[in-house]
Each structure stands twice: as structure tokens, then as C-alpha cells.
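Examining the three-dimensional arrangement
Here is how the chains run, residue by residue.
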Amino acid sequence: MGFLEDCGLIVNLGRAAGWGDTVVEMTTRMKDAQAGNTRELRRLSDGWATVGEAVDRGLDLAADALPGTMANWEGGAADGFTAYMAQVRGVLKLHGERAGEIKLCLDTIRCAIERARRDVEKLANSTADALRDITAAADPGGMRALVNGVFERLDGIEKIRGENERAARAELERLAAALGDADVNDISGPPEPTITTAPSFSSAEFRSRHQPPELNKTKVSTSPPEHGRSLR
Amino acid sequence: MADGFRADCENLIDFSGTYLRPLASDVSESAQAVSDLRTCPETWGTGPSIYPFLGASYEAVRQFFEDAQWDVAVTLSDVADALCAVAENYLRLDRQIS
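Residues numbered from 1 in each chain as written. Chains lettered and ligands numbered in written order. Predicted model: local features only at pLDDT ≥ 70, side-chain atom pairs only at ≥ 80, totals over all residues.

**As for the overall build of chain A**
- When you go through chain A residue by residue, the secondary structure sums to seven helices and four strands.
- Along its sequence from the N terminus, chain A presents helices and strands in the succession α-α-α-α-β-α-α-α-β-β-β.
- Of all 232 residues assigned to chain A, the portion counted as buried reaches 34%. (Helix = DSSP H or I, 4+ residues; strand = E, 2+ residues; numbered from the N terminus. Buried ≥ 20, exposed ≤ 12 C-beta atoms within 10 Å, placed from the backbone.)

**Some points on the overall build of chain B**
- Looking only at helices and strands, one finds three helices and zero strands in chain B.
- Helices (α) and strands (β) of chain B occur, in sequence order from the N terminus, as α-α-α.
- Expected size for 98 residues packed as a compact globule is a radius of gyration near 13 Å; at 22 Å, chain B overshoots this value by more than 25%.
- Overall size of chain B, expressed as C-alpha extent along the three principal axes, is 75 × 15 × 15 Å.
- Each of the 98 residues in chain B was classed as buried or not, and the buried ones make up 45%. (Rg over C-alpha atoms; globule rule 2.2 N^0.38 Å.)

**Observations regarding unusual backbone geometry**
- A positive phi angle is found at Lys217(A), which is not glycine, with a value near 65 degrees.
- By the secondary structure assignment, Lys217(A) is in the loop between strand 3 (207-208) and strand 4 (219-221).

**Let's talk about the confidence of the model for chain B**
- Scored by pLDDT, chain B comes out at a mean of 89, with 94% of its residues at no less than 70.
- The complex prediction reports pTM at 0.85, with the ipTM value standing at 0.89. (pLDDT = per-residue confidence, 0-100.)

**So, the interface of chain A and chain B**
- Between chain A and chain B, the residue contacts involve 66 residues of the former and 56 residues of the latter.
- Every element with two or more residues in the side of chain A that touches chain B is listed here: helix 2 (20-33), helix 3 (38-54), helix 4 (56-70), helix 5 (76-137), helix 6 (140-180), helix 7 (182-185) and strand 4 of chain A.
- With twelve residues, the top contributor of residues to the side of chain A that touches chain B is helix 6 of chain A.
- Of the residues that constitute the side of chain A that touches chain B, the class distribution is 36 nonpolar, 21 polar and nine charged. (Contact = placed C-beta atoms within 7 Å. Nonpolar A, V, L, I, M, F, W, Y, C, P; charged D, E, K, R; others polar.)

**Considerations on the confidence of the model for chain A**
- Model confidence for chain A is summarised by a mean pLDDT of 86, while 89% of its residues fall at 70 or above.
- Here residues 227-232 of chain A is a poorly scored stretch, pLDDT under 50, and it has 13 contacts once near neighbours within four places are set aside; other chains count.

**Details of the environment of Ala56(B)**
Residue and element names in this part refer to chain B.
- Within the secondary structure layout, Ala56 lies in helix 3 (residues 51-97).
- Since 14 C-beta atoms lie within 10 Å of it, Ala56 is described here as partly exposed.
- Considering only alpha carbons, one finds Ala56 and Thr39, 17 residues apart in sequence, at a separation of 9.6 Å.

**Focus on the nonpolar core**
- One finds Leu20(B), Leu76(B) and Leu83(B) to be the most contacted residues of the largest nonpolar core, which totals 84 residues.
- Mapped onto this core, the elements with two or more residues apiece are helix 1 (3-16), helix 2, helix 3, helix 4, helix 5 and helix 6 of chain A together with helix 1 (2-35) and helix 3 of chain B.
- The two domains that each donate at least three residues to this core are domain 1 (3-197) and domain 2 (199-232) of chain A. (Core = buried A, V, L, I, M, F, W, Y, C linked by C-beta atoms within 7 Å. Domains from an automatic or database assignment.)

**Quick notes on the domain arrangement of chain A**
Residue and element names in this part refer to chain A.
- For chain A, the assigned domains are domain 1 (3-197) and domain 2 (199-232).
- Counting residues at the interface gives ten residues for domain 1, matched by nine residues for domain 2.
- Of all the secondary structure elements, the ones that give two or more residues to the side of domain 1 that touches domain 2 are strand 1 (73-74) and helix 5.
- Per-class residue counts for the side of domain 1 that touches domain 2 are five nonpolar, four polar and one charged.

This is how it looks when you write it as C-alpha cells:
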């Protein structure tokens, strides 16, 4: 017999024995104790697993290519760009780790629900069987003992699920704080002199070792040439 | 010397187009994927326990994460554009003096 059928039987037998309100409360708690969408939690967990991996390859390719690209470039802005790329790599790697930790939290919550569901279903099944016997024997004392026993077991099931979910919640709150930390979040671009926020900068700040002397002391725009009014 | 300079500039343009822009796009897709990982109350359960708080804590983390990824994606894209522009402007200057 399935969980809902068990609950229906418990309510019907309980009402017939004069314990209507109690058995309704009992089955309501059974349903609440196993609430939650484990299929959705698994989908979320799988989603966070791929979030971490999604940028890894591109990140590694860029990191490998960077030293060769910048080998002949020097100056404060060039160094700032190289430092920025290292910072972005660090931040995105950290994001990958955080995504993995969020996945673990979701797995903990899903497992807590699955365990509660198994325990509640067993409890509902055994309660329905016991109620059938007690009703057949017309045993009010047995009914009282059964009800007390069921509520005690429900307390235990709720406690275990609650402990697991409180731990997962504390971990989620720690992760929210970590993601708010400056070292994870503050990636507004390369430091000054920058190739992003400055409309232009001196060629001395981002110069090639092969730079023709005529280009010394020029200003270089960070906008595409068609908008490059700062060229001279 | 001039050939070396042009090659250096071409390297910047290549790095911007081959690595930075695709990386910005990857991070942007990742941010969108995180946006799709929203939940509803039924995901966590609607009983009298801590379930609603659990959903709120998860959503706070998810939103932080999504915002952080969008920030990286936008900045990377801006940096890719600026790097390419710098190299193109250098090449243009070089052509003017040649």
C-alpha cells in the first residue's frame, strides 16, 4: 500500500475509533515531514556541478596564451592587464569551488528529505497495520500507546531532517558571506593606469619592446579606431 | 623592428578575439545558467519547519553568485574591446608614420 493510501486508512480507522482529530494531526505531520521536491533538488545539484566546469577550459586556454601574448609588452597598464587576468582566473576558480559547495548543500538537503520520506512511509505503513489490529480488537489502551509511539517517532524524524537542513542553511549563509567578500567580488577591471576606464593613456604605459621611436610619447585611445579622436 | 611591433599588436588582437571574448561569453552563459537555478517554495517543502528559511538562504547565495558572474562577464567583455582597440590604434599610428 502506498503512503497516501496508508494515510487514508489511518484517518478512517482513527475516526471510527473516536480519535479523528489526533489521526488527522498525525497524517498532516507525516506529510509535512517528507515534503520537498527531491527531483528538482537533483536537477539544481546537477546544474551547479556544470556551472563550475563551464568556464574552466576557456580560462586555462587564456592563462596559457597570456605569457606569450604579453611577452613583448611592458609598462604600468600592460602589467595591470596581466595582473587583472590573474585576478580574473583566481576569482573564476573560486566561483567554481563555491558552485561545488552549493551543490553539496543541495545534496545534503535532498538526502535529508529522502531519508525522512523513507522513514515516514515505513511509519505510515506500520501505523496503518497496527490501527487495523487495534480496531479489530477494540483496544482503547492500545490506541493511546500507538498514538504516543507514532508522535515520538515523528519527533525523531523531524529532528534528524531539521538538523541536516539547519547545517545546510548555515553553510549556505557562510557561502553568501564568502561570495560577498571583496576578493571574490571586486573585479571591476585592471588597476590604474587601466585599459578600460581611461579613454586613453600614454604609450609609455603600454608599450611594445619593438615600438618604433616615433610612437614614443603618443597617446593611445582605448576606443576602436573609428572613434579614435585621441590619435595624433 | 616595425614587423615585430605589428606582430605584437596582432598578438593582442588575437588574444582578445580568440580567448577573452569567448571567455566573456562562457561566463555570461554560466551566469544565465545560474539564473535558471531559481526555486519555488515547494522545492523545499511547505511544512512548519525551517524550509522557507532554507529557500531564502539558497536564493541569497544564488543571486550573489549570478551577480558576481555577470560582473566578470561584462568586465571581461569591456577589457577585450579595450585591448583590441589599443592594438588597432597602435597599428593605425604605425601606418601613419610608415
